[in-house]
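Understanding the architecture of this molecule
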Amino acid sequence: MALKTDILFELLKNDDYISGQNLAEKFGKSRAAVWKAVKNLIKDGYDIDALTNRGYRLTENNNRISAESIKAHMKNDIDVFYFPSVDSTNNSCKHMLADGKSGVFLVTADQQTAGRGRQGKSFYSPPMTGVYFSLVIRPHTVLQNAVTATTAAAVAVCRAIESTTDKRPKIKWVNDVYLDGKKICGILTEAVGNFEDGTVDSVIIGIGINIKTDQFPDSAGLAGSLDANVSRSRLIAAVTDELLAIAGNDYSSFIDYYRSRSMVIGERIKFIQNARVTPAKAIAIDEHGGLEVELEDGSHTVLRSGEISIRKM
């Protein structure tokens, strides 16, 4: 790696000042080369304190995303790609897969100009106020098993938020994440499969989390923000690590947590299937992530896909 990247990793791992001499000795470079690398980091947008006889330290004002800053917080060693702006991080992953990119990898951007959600909806993705990223995993499994990634993603987001902030979000079936009654996160999972043998080669898990976004278009509906002082790079890394730990597992490894964060159990709802709106009451979440509901005639059914909304009583 370039000296600039090496120094950034050291600064990210340490809260205190690191002397230029220590950095020079660690990487076998001159003090002048270290100072030049630090100046380049500052030029790139990193806020660095440089004090005589103390050295260098990243300030608390740093909320810049880069591949290096994300990897410095991650437990897993995977390829990470950062772009200032893309149409959609899911689309970027598709292009990279089509070009032959192999293995597990992450794509993130400061802004999406055409962020996408489920049901063909758009996801508002303004610059710098949220995190927008897509993780490509390789389950090599049948399509039915690959759908667990959708539920797992909601669990990973909630766990990561709880581990990095004092917030306790909820999940609206299937995988929208809410806080204080407003949607703060959208998840779009897309499978790339071999339809001849019915297996999935790659699953793209796209995630957008509003952190400090305070203005939304009318089309965003009940949108809100996390409103927490959390490093964007740290949050991306935490979600990714959580997701990599459970995305390839079956429901049993996370379904209890998923149920405990549900915001729909016991609520009067309406669900939409085949353009038909049906009122019901949410009863339970089964072992495979399905939503059991009670219809107005007293009968029960289990929803496996579709969209629900809380009925206002």
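An account of the accompanying structure is given in this report. Just so it is clear, the model here is predicted, and its values are computed rather than measured.

Before going further, it helps to examine the overall build of the chain. When its secondary structure is counted, the chain shows 9 helices and 15 strands. Computed over its C-alpha atoms, the radius of gyration of the chain comes to 22 Å, within 12% of the 20 Å expected for a compact globule of 313 residues. A principal-axis box enclosing the C-alpha atoms of the chain has dimensions of 80 × 45 × 35 Å. Among the 313 residues that make up the chain, the fraction classed as buried is 48%. Looking at the chain alone, contacts between residues at least 24 apart form 63% of all its contacts between residues at least 6 apart. Per element, the accessible surface of the chain, about 15,500 Å² overall, is 46% carbon and sulfur. One finds the centroid of the 38 positive side-chain charges in the chain at a distance of 3 Å from the centroid of its 38 negative side-chain charges.

Turning next to helix H7 (residues 148–164). The first and last C-alpha atoms of H7 sit 24 Å apart over 17 residues, in line with the 24 Å expected at 1.5 Å per residue. Across the 17 residues that make up H7, a large majority, 13, are buried.

With an omega of 15 degrees, the peptide bond running from Trp173 to Val174 counts as cis. With respect to the helices and strands, the residue Val174 is situated in the loop between strand S7 (170–172) and strand S8 (176–179). At Asn53, a position not held by glycine, the phi torsion is positive, near 70 degrees. Of note, Asn53 is situated in the loop between strand S1 (48–51) and strand S2 (55–58). For Asn53, a relative accessible area of 79% corresponds to the exposed category. The phi dihedral of Asp227 falls on the positive side, at around 50 degrees, and the residue is not glycine. Structurally, the position occupied by Asp227 is in the loop between strand S10 (199–210) and helix H8 (232–246).

The next subject is the pattern of salt bridges. Under the criterion given, the structure shown has 14 salt bridges. When the shortest N-O distance is used, the salt bridge between Lys101 and Asp79 registers 2.8 Å. Of this pair, Lys101 sits in the loop between helix H5 (89–98) and strand S4 (105–109) while Asp79 sits in strand S3 (residues 79–83); the two residues are 22 residues apart in sequence, bridging distant segments of the chain. A relative accessible area of 39% places Asp79 in the partly exposed class.

Right, let's get into the nonpolar core. Ile207, Leu235 and Leu291 are the most contacted members of the largest nonpolar core, which has 61 residues in total. A total of 10 residues in this core trace back to one element, the largest contributor, which is H7. Ranked by size, the runner-up nonpolar core spans 16 residues in total, among them Leu3, Leu11, Ile18 and Val38.

Where S3 meets S4, 5 bridges bridge the pair, whose relative direction is parallel. Following the sheet pairing, Tyr82 is matched in S4 by Thr108. Note that the unit made of S3, H5 and S4 has a crossover that is right-handed.

We now examine the side chain of Ser262. Structurally, Ser262 is set in the loop between helix H9 (255–260) and strand S11 (268–273). Residue class for Ser262 comes out buried when judged on its relative accessible area of 14%. With near-sequence residues (within four places) excluded, Ser262 lies in contact with Lys170, Ile171 and Ile285.

The two faces of the sheet receive side chains in turn, since in a regular strand these alternate between them. Burial along S8 is two-sided: Asp176 and Tyr178 and Val177 and Leu179, pointing in opposite directions, are all buried. Direction of pairing for S7 relative to S8: antiparallel, over a ladder of 3 bridges. The residue of S8 that forms the bridge with Lys170 is Tyr178. Counted between consecutive antiparallel strands, the loop separating S7 from S8 contains 3 residues.

Turning our eyes to something else, we now look at the packing of aromatic side chains. Tallied over the entire structure, the rule returns 4 aromatic pairs. For the pair Phe81 and Phe105, a centre-to-centre distance of 6.2 Å together with 85 degrees between the ring planes defines the contact as edge-to-face. In this pair, Phe81 sits in strand S3 while Phe105 sits in strand S4, placing the two residues 24 residues apart along the sequence. Its relative accessible area of 26% is what places Phe81 among the partly exposed residues. Geometrically, the ring pair formed by Tyr124 and Phe216 is edge-to-face, given 6.2 Å between the ring centres and 65 degrees between the ring planes. Linking Tyr124 in the loop between S4 and strand S5 (130–137) with Phe216 in the loop between S10 and H8, this pair joins segments that are 92 residues apart in sequence. Tyr124 sits in the partly exposed class, given a relative accessible area of 38%. When its relative accessible area of 26% is taken as the criterion, Phe216 is described as partly exposed. Across the ring face of Tyr257, the terminal group of Arg159 is positioned such that the distance to the ring centre comes to 4.7 Å.

So, how was this worked out
Residues numbered from 1 in each chain as written. Predicted model: local features only at pLDDT ≥ 70, side-chain atom pairs only at ≥ 80, totals over all residues. Heavy atoms only, no water. Helix = DSSP H or I, 4+ residues; strand = E, 2+ residues; numbered from the N terminus. Rg over C-alpha atoms; globule rule 2.2 N^0.38 Å. Buried < 20%, exposed > 50% of the residue type's maximum accessible area, 1.4 Å probe, protein only. Contact = heavy atoms within 4.5 Å. Areas by Shrake-Rupley, 256 points an atom, 1.4 Å probe, with all protein chains shown as cover. Lys, Arg positive; Asp, Glu negative; His and termini not counted. Charge placed at Lys NZ, Arg CZ, Asp CG, Glu CD. Expected span 1.5 Å × (residues − 1). Salt bridge = Lys/Arg side-chain N within 4 Å of Asp/Glu carboxyl O. Core = buried A, V, L, I, M, F, W, Y, C linked by side-chain atoms within 4.5 Å. Pairing = 2+ DSSP bridges. Right-handed = clockwise from strand over helix to strand, strands pointing away. Phe/Tyr/Trp six-rings, centres within 6.5 Å; stacked < 30°, edge-to-face > 60°. Lys NZ or Arg CZ within 6 Å of the ring centre and 35° of its normal.

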